[in-house]
Amino acid sequence: MRDQVLTGRTAGEYRRQVAEAIDRVATRVAAVGRPFSGVSPDELAPEISRIDLDAPLGGVSAALDELEDIYLRDAVYFHHPRYLAHLNCPVVIPALVGEAIAAAVNSSLDTWDQSAGATLIERRLIDWTAARIGFGPAADGVFTSGGSQSNLQALLLAREVAHATGGSATEPEILPRSRILSSSDGHFSVAKSAKVLGLGTDAVIAVGTDHQRRMRAAELARELEGCRRAGRPVLAVVATAGTTDFGAIDPLPEIADLCAAAGVWLHVDAAYGCGLLVSPTRRDLLAGIERADSVTVDYHKSFLQPVSSSALVVRDGATLGHATFHADYLNPERMAERRIPNQVDKSLQTTRRFDALKLWLTLRVMGAGALGALFDAVLDLAAEAHALLVRDRRFEVVARARLSTLVFRYLPPEGPARHLADDANLHAREALAASGEAVVAGTKVDGRHYLKFTLLNPATSVEDIACVLDLIAGHAGRYVEEKTASSPLPE
Ligand SMILES: Cc1ncc(COP(=O)(O)O)c(C=O)c1O
């Protein structure tokens, strides 16, 4: 048995087992006819519960057969052109090669003595990303598990910097009064981070947005002034470059001016919009990002990388010192004095995957331009899909797509049936997922239920979008008909 399970014992076994798994997944992925089987939790849960985890199957073929039934058959497949729901991307093949190598070698990025070259590869990629942002030579950063963790770490650094420079009051006195300013469409990880960082429940002030769903700079100015007058320290302004619902990019230059004038840390959450860093045609949309103090970059969104792959990049690498702790058993101070590159000195995590390898191989095989061109193709598609929706009288669209989200809803015919709009859209989303023909997301705007497409798949076509719109209109329309037939509506 030992020879079958330890990678170093027999290269033959390792090759055979992994090859079998890759063969099955490659066949499955190629054959997927719809993004989802439509299985419900109630249908699937008993199949997983009945498996006796104390009775191993003894071989990879049998375990993979079983996995077909409990996972691969019903997985949600993001590479399918009609998966249009969340910020999940199809993945590029060089990244999968990186994933396989990283898992097999199993480097841990906390210390040099557990990772060696991996540490230097990660550092090169951080420098590369910092240069794309437009930061200077003092910049630094670290890979993280995702945008939420990157945002948390950014706000931790902001809090520490604000308190280090903020005068004599002690931390417990400052924390309940401290504020973070973000647009009302900012990601909820900002509020979660505020809680983790010990701030009050009202610590995050939501700044209003304009008709393009971008943070209103004038309102931000008023809030900053209000906080100053009320003696509330502002730890950070979080600008979003690609909001989750609308893909809106906050006005970074104006926000940077306000932060500079107020002496406030500017964090740019570019978890979604970071793909513009490699876009051959639209890099200008991120103008001003180079003035941030910290930037969240999620390669596992618009760089087509497998989860996890994210980074926090800071303008001044010295600020990462606020996340540094030393332990005799891992990274004693003398190592830092000898400039031994221990990434744990910059990270909130300890043991950490070599996620950077996926991006490294992607850049070495395809190059940044090819990645950016794929993101551009998605943005072109979003523009076409928006035009399609605007022309389609069955639907109402909320805002023009700046990146690749479209928020819209089915509108029941004018008249008394209109009040069924919320339920009809909720129903259409669920019915569509249950059919497995397409998966779309939902959100609320001004208290009403809307549907959302998040496009990240360059393989999705306008025909796919048109087909999904017909499916939605079919489900929603039938719902409205049934409801009006079963209980005629008042005139
Ligand atoms: C703007 C924005 N920031 C942060 C995040 C969180 O990223 P993650 O899911 O990788 O933690 C998301 C996720 O969708 C996002 O859209």
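Use the structure listed above.
What you see is a predicted model; the values in this text were computed from it and never measured. Every chain's residues receive numbers from 1 upward, in the order its sequence appears when written. Whole-chain, interface and lining totals are the exception, using all residues; otherwise, since this is a predicted model, local features are given only for residues with pLDDT of at least 70 and side-chain atom pairs are given and counted only at 80 or more. Only heavy atoms go into the side-chain values, all of them from the structure, while hydrogens and water stay out.

Three or four residues apart is the spacing at which side chains of an α-helix point the same way, because the helix has 3.6 residues per turn. Across its 13 residues, helix α4 (residues 60-72) extends only 15 Å between first and last C-alpha, which sits more than 12% below the 18 Å expected from 1.5 Å per residue. At E66, α4 shows its maximal bend, which comes to roughly 30 degrees. Considered for burial, the residues of α4 that qualify are L64, E68, I70 and L72. Here, two residues are considered to be in contact whenever any of their heavy atoms come within 4.5 Å of each other. Each helix is a run of H or I in the DSSP string that is no shorter than four residues. Each strand is a run of E no shorter than two, and both are numbered from the N terminus. Looking at the packing, one finds that the buried side of α4 touches α2 (11-31) and α3 (41-49). Multiply 1.5 Å by the residue count of a helix minus one, and that product is the helix's expected span. What the bend at a residue measures is the angle between two axes, fitted to the seven residues ending there and to the seven starting there. We call a residue buried when its accessible area falls under 20% of the maximum for its residue type, exposed when it is over 50%, and partly exposed in between, using a 1.4 Å probe and counting protein chains only.

What follows is about the pairing of strand β8 (residues 310-314). Most of β8 is tucked away: five of the five residues are buried. Taking every second residue as pointing to the same face, both faces of β8 are buried, with S310, L312 and V314 on one and A311 and V313 on the other. Any two strands with at least two DSSP bridges between them are considered paired. Where strand β2 (residues 140-144) and β8 come together, five bridges link them in antiparallel fashion. Each residue of the ladder has a partner; that of F143, found in β8, is A311. The pairing of strand β7 (residues 294-298) with β8 spans five bridges and is classified as antiparallel.

Within the open sheet, the seven strands sit side by side as β2-β8-β7-β6-β5-β3-β4. Their pairing is mixed. Of all the strands in the sheet, just β2 and β4 (204-207) have a single pairing partner and so form its edges. Each neighbouring strand pair of the sheet contributes to a mean axis angle of 20 degrees, computed without reference to strand direction. To get an axis, fit a line to the C-alpha atoms, keeping to the stretch in contact for a helix; angles then go from 0 to 180 degrees between the N-to-C directions.

Time to look at the site of the ligand. In the vicinity of the ligand lie 14 residues, with G147, S148, T244, D269 and H300 positioned nearest. D298 has a polar side-chain atom sitting 3.0 Å from an oxygen atom of the ligand. Here an oxygen atom of the ligand and a side-chain polar atom of H300 are 2.9 Å apart. For the ligand, the protein covers 83% of the area, taking 390 Å² as the surface of the free molecule. Mapped onto the shell around the ligand, the elements with two or more residues apiece are α7 (147-165) and α12 (299-302). Sorting elements by how many residues they give to the shell around the ligand places α7 first, with three residues. Nearness here has a simple test: a residue counts as near a molecule or strand if at least one of its heavy atoms is within 4 Å of that partner. We define a polar contact as two N or O atoms separated by no more than 3.5 Å, with the added condition that, inside protein, one atom must be a possible hydrogen donor and the other a possible acceptor, whereas residues neighbouring each other in sequence contribute only through side-chain atom pairs. The Shrake-Rupley method, run with a 1.4 Å probe sphere, supplies the accessible areas, and residue values consider only the shown protein chains as cover.

With omega at -5 degrees, the peptide bond leading from V307 into S308 counts as cis. Tracing the backbone shows S308 in the loop between α12 and β8. One non-glycine residue, L304, adopts positive backbone phi at about 55 degrees. According to the relative accessible area criterion, L304 is buried, its value standing at 6%.

Here we take up the environment of K192. Along the chain, the position of K192 falls in helix α9 (residues 189-196). Taking C-alpha positions, K192 is 20 Å from V264, a pair spaced 72 residues apart along the chain.

Patch membership needs two things, relative accessible area over 30% and no salt bridge, and members are linked within 9 Å if like-charged or within 5 Å if nonpolar (Val, Leu, Ile, Met, Phe, Trp, Tyr). The term salt bridge refers to a pairing of a side-chain nitrogen on Lys or Arg with a carboxyl oxygen on Asp or Glu at a separation within 4 Å. Judged by side-chain polarity, V91, I93, L96, V97, I101 and V105 come together as a nonpolar surface patch covering roughly 520 Å² of accessible area. Locating L96 in the fold gives a position in helix α5 (residues 93-105).

Relative to the helices and strands, D422 is located in helix α16 (residues 421-435). In this structure, D422 is in contact with R409, G447, R448 and H449, ignoring residues within four places of it in sequence.

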